[in-house]
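Geometric and topological summary
The residues making up each chain are set out below.
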Amino acid sequence: MSDRKRSTALALASALAGSAVLFTAPAAHAAVVDVAYDCKTPIGDKSAVSPIDIKSVKEGDGYKLTMSFQKGVSSSPIELGTGAMSPSAVIVVGGAEKVSVPVSGPSNPEAVPPDTPIKITDLSGTYTPKKSGKVTFTAGVLTIKAMGTTTTCTPGNNPGPSLELDVTAPGGGGGGGGGTQPGADTTGDTLPQTGPTDSALALGTLGGTVLLAGAAGVLWLTRRGQRARS
């Protein structure tokens, strides 16, 4: 391969590499957050702290949220048999839009001895954004139903978000800086024009086009030079 052809190939490879870097999806920020719950139980007020983890997976137009408790937050004076306790909660969404997402999970898979912290199963639900942009997910009220009673646990320490994510609404709904969930499909015919993040992606497309055009220009000039010498 001649030096001229090698230089042209390197220019084209650099253009493609630059375009790929610009298309790197923004990463989510997650943290395990200690939530201090104040619980109203049938036998009086109780309190407990549990680290809360919230994860997200893109599913269709929405995001499946999973809320995990690393410690129990309440107990029962009597044994709870298998399947006697049903948990549910609310995840509070802030940022580009402010909504509440209900999440629920299976009943206790094993019996819970008396006066033992109740292990909450993982709770899940689906969040479908109506606005594109950066949103946060924070643990909200937890509800435990068992043997005809209801225990309500409210975060009392104003916990911070367990997850921060750039989301894209179906149809590219406006509202603040847009973005894409890591792993989301970005192969559509058009890029959403919803804010700074999407503008950066659009700029990446433009930049890739300019770089590719520059490589094509090198090829054209090379061929033109060869014809001039012939």
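All of these numbers come straight from a predicted model, not from anything done at the bench.

1. As for the overall build of the protein chain
Assigned secondary structure in the protein chain consists of two helices and 10 strands. When the helices and strands of the protein chain are listed from N to C terminus, the series reads α-β-β-β-β-β-β-β-β-β-β-α. Out of the 230 residues belonging to the protein chain, those deemed buried represent 36%. Sequence-distant contacts, at least 24 apart, represent 67% of the contacts inside the protein chain between residues at least 6 apart.

2. Here's the deal with the pairing of strand S6 (residues 99–104)
Pairing of strand S5 (residues 85–95) with S6 involves six bridges; the strand directions are antiparallel. Looking at S6, one finds that Ile-91 is bridged to Val-101.

3. Here we look at the nonpolar core
Counting residues in hydrophobic clusters, the biggest one holds 34 residues, and the most contacted among them are Tyr-37, Met-67, Phe-137 and Leu-142. Looking at this core, the elements that each hand over two or more residues are strand S2 (33–41), strand S3 (44–59), strand S4 (62–69), S5, S6, strand S7 (123–127), strand S8 (133–146) and strand S10 (163–167). The element best represented in this core is S8, accounting for six residues. With near-sequence residues (within four places) excluded, Met-67 lies in contact with Tyr-37, Ile-52, Asp-53, Ile-54, Ala-89, Ile-91, Val-103, Asp-122, Leu-123 and Ala-139.

4. Examining the layout of surface pockets
With a probe scaled to a water molecule rolled over the atoms, the places where space remains empty come into view. Within this model, the second largest pocket holds a volume of roughly 230 Å³. Taken together, 15 residues form the lining of the second largest pocket, with Pro-42, Ser-76, Pro-77, Ala-146 and Thr-149 sitting closest to its centre. Of all the secondary-structure elements, those providing two or more residues to the lining of the second largest pocket are S8 and strand S9 (149–155). Among the residues forming the lining of the second largest pocket, the class breakdown is nine nonpolar, six polar and no charged.

5. Things to note about the packing of aromatic side chains
All told, the structure shown has three aromatic pairs when counted by the stated rule. Taken together, the aromatic side chains of Tyr-63, Tyr-127 and Phe-137 make up a single cluster linked through ring pairs. For the cation-ring pair, Lys-58 lies above Tyr-63, with the distance from its terminal atom to the ring centre recorded as 5.1 Å.

6. Section: the environment of Pro-114
Residue position: Pro-114 is located in the loop between S6 and S7. Taking the C-alpha atoms as reference points, Pro-114 and Glu-79, separated by 35 residues in sequence, lie 4.6 Å from one another. Not counting residues within four places of it along the chain, the set of residues in contact with Pro-114 comprises Ser-76, Pro-77, Ile-78 and Glu-79.

7. Details of the state of the cysteines
Within this structure, the stated rule accounts for one disulfide. Bridging Cys-39 to Cys-153, the disulfide has an S-S length of 2.1 Å. Note on the Cys-39 and Cys-153 pair: the S-S dihedral is about 110°, so by sign convention the disulfide is right-handed. Residue Cys-39 is located in strand S2, and its partner Cys-153 is located in strand S9; the two are separated by 114 residues in the primary sequence. By the burial criterion, Cys-39 is buried, and Cys-153 matches it.

8. A look at the side chain of Ser-50
Assignment of secondary structure puts Ser-50 in strand S3. With a relative accessible area of 0%, Ser-50 lands in the buried category. Residues contacting Ser-50, with those up to four places away along its chain left out, are Val-33, Asp-34, Val-35, Phe-69, Gln-70, Lys-71 and Val-73.

9. Structural notes on the pattern of salt bridges
In the structure shown here, the tally under the stated rule is three salt bridges. Put simply, Lys-55 and Asp-53 hold a salt bridge, and the shortest N to O gap is 2.3 Å. In this structure, the salt-bridge partner of Lys-134 is Asp-166, at a minimum N-O distance of 3.1 Å. With Lys-134 in strand S8 and Asp-166 in strand S10, this pair connects stretches of sequence that are 32 residues apart.

10. Focus on the environment of Leu-142
Checked against the element boundaries, Leu-142 lands in strand S8. Considered as a pair, Leu-142 and Val-103 are 39 residues apart in the sequence and their alpha carbons are 9.5 Å apart. Leave out the neighbours within four places in its chain, and Leu-142 touches Tyr-37, Phe-69, Val-73, Ser-88, Ala-89, Ile-120, Leu-123, Thr-151, Thr-152 and Cys-153.

11. What about the pairing of S2?
Side-chain alternation along S2 places Val-33, Val-35, Tyr-37, Cys-39 and Thr-41 on a buried face and Asp-34, Ala-36, Asp-38 and Lys-40 on a face that remains uncovered. Sheet topology note: the S2/S3 ladder contains nine bridges and is antiparallel. In the sheet register, Ala-36 faces S3, and the bridge partner there is Val-49. The hairpin turn running from S2 into S3, its antiparallel successor, is two residues long. Where S2 and S9 come together, four bridges link them in antiparallel fashion. Looking at the pairing, Asp-38 lines up with Thr-154 of S9.

Reading guide: rules and limits
- Residues numbered from 1 in each chain as written.
- Predicted model: local features only at pLDDT ≥ 70, side-chain atom pairs only at ≥ 80, totals over all residues.
- Heavy atoms only, no water.
- Helix = DSSP H or I, 4+ residues; strand = E, 2+ residues; numbered from the N terminus.
- Buried < 20%, exposed > 50% of the residue type's maximum accessible area, 1.4 Å probe, protein only.
- Contact = heavy atoms within 4.5 Å.
- Pairing = 2+ DSSP bridges.
- Core = buried A, V, L, I, M, F, W, Y, C linked by side-chain atoms within 4.5 Å.
- 1 Å grid on protein atoms, 1.4 Å probe; cavity = no way out; pocket = protein on both sides within 12 Å on 5 of 7 lines; lining within 4 Å.
- Points joined across faces, edges and corners; volume = space filled by probe spheres on them.
- Nonpolar A, V, L, I, M, F, W, Y, C, P; charged D, E, K, R; others polar.
- Phe/Tyr/Trp six-rings, centres within 6.5 Å; stacked < 30°, edge-to-face > 60°.
- Lys NZ or Arg CZ within 6 Å of the ring centre and 35° of its normal.
- Disulfide = S-S within 2.5 Å.
- Salt bridge = Lys/Arg side-chain N within 4 Å of Asp/Glu carboxyl O.

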